[in-house]
Amino acid sequence: MAVGVDIWQVKVAFGALEVLKGVDLNIAPGELVTLLGASGSGKSTLLNVVAGLLQADSGDVAFDGRSVQDLAPRDRNIGFLFQSYALFPHLTVAENVAFPLRARHRDKKTQGRVTQQMLDLVHLGEAGGRKVSTLSGGQRQRVALARALAAEPAVLLLDEPMAALDKHLREEMQVEVRRIQRDVGITTISVTHDQTEAMTMSDRIAILREGTLVQVGSPEECYMRPADRFVATFLGEANLVPLTDRAGSGGTAVVRPENYTVETNLAAPAGPYSATGTVRLVSYQGARCRVEVTAETTGELLVASVAGTVDRAGLAPGAPVRLRCLEPDKVHVLT
Amino acid sequence: MTALRESLGKSGWAVRLAAGLAAFILFAVPALVLVATSWTEQRFALFPPKGFTLEWFGEVLTSKKWLQPFGRSATVAAIGTALAVILGVAAAIGVSRLRSSRAARAWRTVMILPLAVPPIALGVGLYNMGRWLNLSDGRMALLILGQMISALPFVFVLVAGAITRLDPNLHKAAQTLGANSWLIIRKVELPLLGPTILAAAVFAFVVIFDEVVLAVFLLPPGVETLPVTMLRASQETMTPALTAASTVVSLLAVLLLGGSQMVGRGKKGGADAP
Amino acid sequence: MAGADKGVVAKAQAGRGTVEKGVLLLPVAVALVAGVLVPLVVIVVASLQDGGGAYRETFSSSLFRAALGRTWWMAVIITLGDVLIGTFYALAAASARRGLQALLLGALMFSMWTSVMVRSFGWMLLELPKGALYWLAHTFFGRSEPIELYQTVGGMYPAMFAMMLPFIVLPVLAATRNVDADQLKAARTFGASTWLTLRTVTLPAIRPAIVSAGVLVFVMSLGFYVTPLLLGGPSNLTVSGVINLEMRSANRPDLGASMSVILTTATVVVYLVSDRFFRVSEKWG
């Protein structure tokens, strides 16, 4: 019985600083939505408002259509995963996971059974008796997740859940957390500044900038059809090519680097969105090759990301090249 | 800290040597002289001791003249400590709950204020209070109140310091997991603060046990705590029995406080989390 | 959605933690009122019973005026001296290797855990005319006149320095943890001298602790009673000693009260004013 979350015109200010300027967001039951933004965008503030750890100046938050604004965090039936995990250092793994059950006065038998279920769910079935201090970073995160889910909360809130993990473990846990979230079917709001994490884990991404939502949509939508220049450059890399139509006022084309290929034969006919310029830098990145080009007309930096390798001899710095757009129909035009 | 050591360079030696000398002259010498005079065979406490006898320790540990005030001091200190710990820990946790930083600051100022009130003025005030309230038998209660107040700042500062070193997310995490205030205090905060509270309790006990100014003002004639007995004895003559009593009391304090520190260290080492 | 009842909701939220805070803070508030505020009000009332005559008498008393000057200068000298000794003691302890560190801290802790009176006895036995100092001077330098230190102003100072030293060393030592190791290393790689590094990196990090510890030592020294009584003797009374005299020997509780009011006003004002400017209570401990 997953629960929908409705956020309505939430405003928060710390003194003169407006951190959230009226945010609306509706999250469907069982959906995982990621709040993505740079530091200071207000994403963590919004999560804390949903949790009740912070009081909004105005606006409302509702779970399943019922306002939770006047409920304390402990009465909202949420699971919160902290960036630092906030495991209780004086309790064992099992005692940590059992804590929310104890707070709800479940009997000892239920506590033991549910705790074991939760530890099995996160693949730590054998670790119940261990001290928190003996666990690795990844194990701590699993315990924290098991604890957050133990009391069958209505909503799961993740605050920069992967920030304390190294890159390899982070990728593994992104998939793992997503699996568990799907298995449990719990409505989830996650906060991150890592766009790859947002793309990997989310049903939808909500991009925040300076306290305002600038775009909400599936990862594909946000990447392929960014709402504005900010989203275009924030989510992945983008070449913003100005268009001039006959009237003189054109839009801006968003051409992703992988949609450009590099040609040294300038005599060939130019396609749409193509540009000429001189090579600035070529760098090899394993599966792909990145070519930076200074545009002839605007002097701006354009980037192409080419699959495989390129002819390095023809791409010495200063060499004249043309960037040709591979799939013009995938180019999104901002007006 | 190694970096600090390196930053002092060659002058570091001089600083550490001077500190060692200061420790020896200011702390060690008076204590050693006091202890040494307690085994002299003379009737007056004078350094250097002549001969060696445990007679004075025997007298202190068996005579009612010393044991009765000792028992009274221990009782008063136990009650005062219990009160100071309950009030001080509750205050430290309560102040950590205040949302307004101005209110928290005002509370800290007030909690440490008793340190700034001269003991003699507090004694005069409590003495007058007792007279006006016509408390002839209640003076002991006033004494306990006053001595508890004198230990309160230490309990508060120690515990409040430990609270600021706790991960603030632990409290938030417990809230989101459905715990009410009482459960958070009982199952999260008190266990984590345990070693600090124990250390604070022992320190408060020793502070109250040793307190003499309030006791001099508030106790009726003939009723004495140990420090009052010792003060009165010292104003007659310095006897080896007095220095023996001083040695015993100091030894007890050192054992008690040293022991509580060990327990604190041991506990902290076990539950260490990054 | 419940956007309409905003005022009610906000009130409910504000009221949520109040019960908890009340339960935690009310008892200590009652204790502080009964154990500090009421006694202080009582001495103010007692000192004013003859319409201020007690204050006139207090200020015209040469005994009190001498004691006031003596107490003030003693507190100044003890504070400045201990701030200097204590800062270097803390730096020595922070920079020492394990063994020496244990020794420095052990001596300090043992001393602090021993009662002020017992420690004063130790100094008495040193300073008595034929005490331990005399024995030392006699044995090694052949001195035969008794030492004249006991029951003089000079006799109080070493003991007072020792009593107050831990109250400087411990907060400053705790503050040395705020010294940034990388900044110290950076200063060294830039070739800064020991003195420049101390002044620009170490001292700024520990200065708040030094100031707040110094203020509290000053305030506590103003109210000191036992050590001056035992070592300074009846001709070198501090204000506390004179108050004791008025209360217990001269049977003048009105003068005892007025003097207590003056002394407490001084200590409390110094504490509150420096707390306002240097945040003493926040930096201490």
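Note that the structure is a prediction, hence the values are computed from the model and not measured.

Q: In this structure, what is going on with the overall build of chain C? I would like to understand it.
A: If you tally the helices and strands in chain C, you get 14 helices and 0 strands. Reading chain C from its N terminus to its C terminus gives the helix and strand order α-α-α-α-α-α-α-α-α-α-α-α-α-α. Expected size for 285 residues packed as a compact globule is a radius of gyration near 19 Å; at 25 Å, chain C overshoots this value by more than 25%. Each principal axis of the C-alpha atoms in chain C carries an extent, and together these give about 95 × 70 × 30 Å. Counting across all 285 residues of chain C, residues that qualify as buried make up 52%.

Q: In this structure, what is going on with the packing of helix H8 (residues 168–176) of chain B against helix H9 (residues 181–210) of chain B? I would like to understand it.
A: Two numbers describe a pair of packed helices, the interaxial angle and the distance between the axes. All names here are of chain B. Relative orientation of the contacting elements H8 and H9 amounts to 160°, with a least axis distance of 11 Å. Considering their axes alone, H8 and H9 lie roughly antiparallel with respect to each other. Of the two possible hands of crossing, H8 and H9 adopt the one that is right-handed. Contacts between H8 and H9 pair Leu170, His171, Ala174 and Gln175 from the former with Ile184, Val188, Glu189 and Leu192 from the latter. When grouped by side-chain class, the residues that make up the contact of H8 with H9 number 5 nonpolar, 2 polar and 1 charged.

Q: Looking at this structure, how should I read the pattern of salt bridges?
A: Oppositely charged side chains can form a pair if their charged atoms are brought close together. Residue and element names in this part refer to chain A. In this structure the tally under the stated criterion is 20 salt bridges over all chains. Salt-bridge contacts for Lys167 lead to Glu171; the nearest nitrogen and oxygen are separated by 3.1 Å. Here the residue Lys167 and the residue Glu171 both occupy positions in helix H5 (residues 167–184), the gap between them amounting to 4 residues, near one helical turn. Since its relative accessible area comes to 42%, Glu171 is described here as partly exposed. A salt bridge links Glu263 to Arg324; the shortest N-O distance between them is 2.6 Å. In this pair, Glu263 sits in strand S13 (residues 260–263) while Arg324 sits in strand S17 (residues 320–325), placing the two residues 61 residues apart along the sequence. Via salt bridges that share partners, Arg142, Glu172, Glu176, Arg179 and Asp183 belong to a single interconnected network.

Q: I keep staring at helix H5 (residues 101–116) of chain B and nothing clicks. Help me out?
A: Side chains that are three or four residues apart share a direction in an α-helix, a result of its 3.6 residues per turn. Across its 16 residues, H5(B) extends 23 Å between first and last C-alpha, which sits within 8% of the 22 Å expected from 1.5 Å per residue. Residues of H5(B) that are buried: B:Ala104, B:Arg105, B:Trp107, B:Arg108, B:Thr109, B:Met111, B:Ile112, B:Leu113, B:Pro114, B:Leu115 and B:Ala116.

Q: Would you mind showing me how to read the interface of chain B and chain C here?
A: Size of an interface, as often reported, equals the accessible area lost when the parts are brought together. Listed by partner, the interface residues are 89 residues for chain B and 95 residues for chain C. In this assembly, chain B and chain C are joined by 1 salt bridge. A salt bridge links C:Glu20 to B:Arg97; the shortest N-O distance between them is 2.6 Å. Across the chain B-chain C interface, the total number found is 9 residue pairs in polar contact (both at pLDDT 80 or more). Per element, the largest residue contribution to the side of chain B that touches chain C is 15 residues, and it comes from helix H2 (residues 11–37) of chain B. In terms of residue class, the side of chain B that touches chain C is made up of 65 nonpolar, 17 polar and 7 charged.

Q: Help me understand the packing of aromatic side chains, please; the structure alone is not making it clear to me.
A: For any two aromatic rings, the description comes down to two numbers: the centre-to-centre distance and the angle of the planes. Following the criterion strictly, the structure yields 12 aromatic pairs over all chains and no others. When the centroid spacing of 6.2 Å and the interplanar angle of 75° are considered together, the rings of B:Phe27 and C:Tyr89 count as edge-to-face. One end of the pair, B:Phe27, is in helix H2; the other, C:Tyr89, is in helix H4 (residues 62–95), on a second chain. Take C:Tyr89: its relative accessible area is 1%, and that puts it in the buried class. Where B:Phe154 meets B:Phe203, the ring centres are 5.3 Å apart and the plane angle is 70°; that geometry is what we call edge-to-face. You can see B:Phe154 sitting in helix H7 (residues 139–165) and its partner B:Phe203 sitting in helix H9, a full 49 residues away along the chain.

Q: Just checking my understanding: could you explain the sheet that holds strand S16 (residues 301–307) of chain A for this structure?
A: What links the strands of a sheet is backbone hydrogen bonding, and the strands pair in either a parallel or an antiparallel sense. Residue and element names in this part refer to chain A. Across the sheet, which stays open at both edges, the 5 strands sit in the order S13-S17-S14-S15-S16 with antiparallel pairing between neighbours. At either end of the open sheet lies a strand with only one pairing partner, and these are S13 and S16. Each strand of the sheet is rotated relative to its neighbour by a mean of 45°, with strand direction disregarded. Looking at chain direction, strand S14 (residues 275–284) and strand S15 (residues 288–295) are connected through 7 bridges and run antiparallel.

Q: For this particular structure, what's the right way to read the confidence of the model for chain C?
A: Note: predicted coordinates in regions of low pLDDT should not be interpreted at a detailed level. Residues and elements named next belong to chain C. When pLDDT is averaged along chain C, the result is 86; 93% of the residues meet or exceed 70. Mean pLDDT values for the elements of chain C range from 40 in helix H1 (residues 6–16) up to 93 in H4. A low-confidence stretch, residues 1–15 (pLDDT under 50), is modelled with 16 contacts involving residues beyond four sequence positions or located in other chains.

Q: In this structure, what is going on with a nonpolar patch on the surface? I would like to understand it.
A: A cluster of nonpolar side chains, B:Trp132, C:Val33, C:Leu37, C:Val38, C:Val41 and C:Val45, forms an exposed patch at the surface whose accessible area comes to about 480 Å². Considering each element in turn, the nonpolar patch owes the most residues, 5 residues, to helix H2 (residues 18–47) of chain C. Relative to the elements of secondary structure, C:Val41 occurs in helix H2.

Q: Help me out: how do you make sense of the sheet that holds strand S4 (residues 58–63) of chain A in this one?
A: Residue and element names in this part refer to chain A. Judged by pairing direction, the sheet is antiparallel, and its 4 strands sit side by side in the order S2-S1-S4-S5 without closing on themselves. The open sheet is flanked by strand S2 (17–27) and strand S5 (66–67), the only strands paired with a single partner. Where strand S1 (residues 5–14) and S2 come together, 8 bridges link them in antiparallel fashion. Across the sheet, residue Val5 finds its bridge partner in S2, namely Ile27.

Q: I tried to follow the state of the cysteines on my own but got confused; where do I start?
A: Such a bond, covalent and formed between the sulfur atoms of two cysteines, is termed a disulfide. Residue and element names in this part refer to chain A. By the definition in use, this model includes 0 disulfides over all chains. There is no disulfide at Cys289, and the cysteine sulfur nearest it, in Cys325, is 19 Å away. Residue classification places Cys325 among the buried residues on the basis of a relative accessible area of 7%.

Q: For this particular structure, what's the right way to read the environment of B:Leu226?
A: Residues and elements named next belong to chain B. By the element assignment, Leu226 lies in helix H11 (residues 226–236). The class for Leu226 is buried, based on a relative accessible area of 3%. Each C-alpha atom of the pair Leu226 and Phe70 lies 5.1 Å from the other, and the pair is 156 residues apart in sequence. Apart from residues no more than four positions distant in its own chain, Leu226 is found in contact with Trp66, Pro69, Phe70, Ser73, Phe209 and Val249.

Q: Would you take a moment to explain the domain arrangement of chain C for this structure?
A: Residues and elements named next belong to chain C. One can read the domain layout of chain C as domain 1 (1–47) and domain 2 (52–283). Each of domain 1 and domain 2 was reduced to a C-alpha centroid, and the two centroids are 36 Å apart. If you look at the interface, domain 1 gives 5 residues, while domain 2 gives 8 residues. Interface area, domain 1 with domain 2, both sides summed: about 460 Å², of which 75% is carbon and sulfur. In this structure, the connection of domain 1 to domain 2 is made through 0 salt bridges. Inspection of the domain 1/domain 2 interface yields 1 residue pair in polar contact (both at pLDDT 80 or more). Considered class by class, the residues forming the side of domain 1 that touches domain 2 number 4 nonpolar, 1 polar and no charged.

Q: Quick question: what am I supposed to make of the side chain of B:Thr37 here?
A: Tracing the backbone through its elements, the reader meets B:Thr37 in helix H2. Of note is the side chain of B:Thr37, whose polar atom sits 3.5 Å from the side chain of B:Thr243. Sequence-distant contacts of B:Thr37, that is, excluding residues within four places in its chain, are made with B:Ala45, B:Leu46, B:Phe47, B:Pro240, B:Thr243 and C:Leu125.

Criteria and thresholds
Residues numbered from 1 in each chain as written. Chains lettered and ligands numbered in written order. Predicted model: local features only at pLDDT ≥ 70, side-chain atom pairs only at ≥ 80, totals over all residues. Heavy atoms only, no water. Helix = DSSP H or I, 4+ residues; strand = E, 2+ residues; numbered from the N terminus. Rg over C-alpha atoms; globule rule 2.2 N^0.38 Å. Buried < 20%, exposed > 50% of the residue type's maximum accessible area, 1.4 Å probe, protein only. Axes fitted to C-alpha atoms, helices over the stretch in contact; angles between N-to-C directions. Parallel < 35°, antiparallel > 145°, perpendicular 65-115°, else oblique. Left-handed = near helix turned anticlockwise from the far one by under 90°. Contact = heavy atoms within 4.5 Å. Nonpolar A, V, L, I, M, F, W, Y, C, P; charged D, E, K, R; others polar. Salt bridge = Lys/Arg side-chain N within 4 Å of Asp/Glu carboxyl O. Expected span 1.5 Å × (residues − 1). Polar contact = N/O pair within 3.5 Å; in protein donor to acceptor, adjacent residues only side chain to side chain. Phe/Tyr/Trp six-rings, centres within 6.5 Å; stacked < 30°, edge-to-face > 60°. Pairing = 2+ DSSP bridges. pLDDT = per-residue confidence, 0-100. Patch = residues over 30% accessible without salt bridge, like charges linked within 9 Å, V, L, I, M, F, W, Y side chains within 5 Å. Areas by Shrake-Rupley, 256 points an atom, 1.4 Å probe, with all protein chains shown as cover. Disulfide = S-S within 2.5 Å. Domains from an automatic or database assignment. Buried area = accessible area lost by both parts, 1.4 Å probe.

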